[in-house]
Amino acid sequence: MSGLRIPLEGPDGAGTAHALNLLAPNPSPMTLDGTNTWVIGRGEEVLVVDPGPDDPGHLARVAGHLRERRVAAILLTHGHHDHSGGARTFAGLVGAPVRALDPRHRLGDEGLEDGDVLRAGDLELHVVATPGHSFDSLCFWLPEDGAVLTGDTVLGRGTTVIAPDGHLAEYLRSLDRLRAVVERVGAQALLPGHGPVLPDPVGALDGYIAHRRRRLDQIRRAYEGGAVTPRRIVEAVYADVDRSLWPAAEMSVRAQLDYLGLA
Ligand SMILES: [Zn+2]
């Protein structure tokens, strides 16, 4: 078990002993500082998780960072463009397959499934299926560092949204499952798809689960109070949230109304 590598500023260069974040330059309200591309390994062989968007400068920087090391596989936490868009280009640069749950995002014969164990040299990375943010969301547990890569299932700041290809009930089950996993393995850090490393996995997941329950209660109350359209509910419940995020909030409200049986 190794300590966190504490970044001096921002998430670029953050991580744990065998997981390094190289931040993609695509900041936005939805992607926070940008997409975190994770390089996992020690020695000659590495795994690269989420090459990020198809940004030639970023992909060249990641490839350059690897120098002579071989990429055993490129892994996707899910198929959303800010994580997967550069996967094919990057695969061409480093000569590695792309493995993902969704066959449409694979390059090569192998996919990714719950329970799979990947290897970079003598390091193991275990696949934990966490559908919900998107139907194909996965987390990766790195036992050597006591770290779990969470993609967009848990972000380093704020909370995640349920995308149109996601599912709130599944997401809530995945948060419960992930909480049980991090508690069982004694995880020391969550390495998210956006934002900084989270050093208290159980606390972070408890916060996420409590936030979801609170939002569902607020939405139920707003609905019962007469705000019957998603837009009106956003105005009532997400008044404190930056307006640029309201379309995402509206998407999230639709998912929550559906979950509550009020859609
Ligand atoms: Zn993302």
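Scroll up to find the structure.
Residues numbered from 1 in each chain as written. Predicted model: local features only at pLDDT ≥ 70, side-chain atom pairs only at ≥ 80, totals over all residues. Heavy atoms only, no water.

Visitor: Would you mind going over the overall build of the protein chain with me for this structure?
Guide: Scanning the protein chain from terminus to terminus reveals seven helices and 11 strands. Its C-alpha radius of gyration of 18 Å places the protein chain within 12% of the 18 Å reference for a compact globule of 263 residues. Principal-axis analysis of the C-alpha atoms gives the protein chain an extent of 60 × 40 × 35 Å. Per-residue burial over the protein chain gives 54% buried out of 263 residues. Taking as baseline every contact in the protein chain between residues at least 6 positions apart, the subset at least 24 positions apart corresponds to 58%. For the protein chain, the exposed area adds up to about 11,400 Å²; of that, 51% sits on carbon and sulfur atoms. The centroid of the 26 positive side-chain charges in the protein chain is displaced by 4 Å from the centroid of its 35 negative side-chain charges. (Helix = DSSP H or I, 4+ residues; strand = E, 2+ residues; numbered from the N terminus. Rg over C-alpha atoms; globule rule 2.2 N^0.38 Å. Buried < 20%, exposed > 50% of the residue type's maximum accessible area, 1.4 Å probe, protein only. Contact = heavy atoms within 4.5 Å. Areas by Shrake-Rupley, 256 points an atom, 1.4 Å probe, with all protein chains shown as cover. Lys, Arg positive; Asp, Glu negative; His and termini not counted. Charge placed at Lys NZ, Arg CZ, Asp CG, Glu CD.)

Visitor: What is the right way to look at the coordination of the zinc ion in this model?
Guide: Six octahedrally arranged donors around a metal ideally form angles of 90 or 180 degrees; four tetrahedrally arranged donors ideally form angles of 109.5 degrees. Distances from the zinc ion to its protein donors, namely Asp82 (OD), His83 (NE2), Asp152 (OD) and His194 (NE2), fall within the range 2.0 to 2.2 Å. With four donor atoms in place around the zinc ion and angles of 86 to 157° between them, the coordination shape is irregular. Read N to C, the donor residues that coordinate the zinc ion are spaced as D-H-x68-D-x41-H. You can see aspartate 152 sitting in the loop between strand 10 (147–151) and helix 4 (168–185) and its partner histidine 194 sitting in the loop between strand 11 (189–192) and helix 5 (201–224), a full 42 residues away along the chain. Accessibility expressed as a relative area gives 7% for aspartate 152, which makes it buried. (Donors = N, O, S within 2.8 Å, 3.2 Å for Na, K, Ca; no water. Tetrahedral: all angles 85-135°; square planar, octahedral: opposite > 155°, others 65-115°.)

Visitor: Whenever I open this one, the pairing of strand 4 (residues 45–49) confuses me. Can you help?
Guide: On a regular strand, each side chain points to the face opposite its neighbour's, so the side chains alternate between the two faces of the sheet. Across the five residues that make up strand 4, a large majority, five, are buried. Covered by surrounding structure in strand 4 are Glu45, Leu47 and Val49 together with Val46 and Val48, the residues of both alternating faces. Here strand 3 (residues 36–42) pairs with strand 4 via five bridges, running antiparallel. When the sheet's bridge partners are listed, glycine 41 is paired in strand 4 with valine 46. (Pairing = 2+ DSSP bridges.)

Visitor: For this particular structure, what's the right way to read the pairing of strand 7 (residues 117–120)?
Guide: The two faces of strand 7 differ: Leu118 and Ala120 on one face are buried, but Val117 and Arg119 on the other face are not. Bridge count between strand 7 and strand 8 (residues 123–129): four bridges; the pairing is antiparallel. Its bridge partner being in strand 8, alanine 120 is matched across the sheet by leucine 123. Linkage of strand 7 to strand 8, two consecutive antiparallel strands, is achieved through a turn of two residues, within which glycine 121 is found at a positive phi near 60°.

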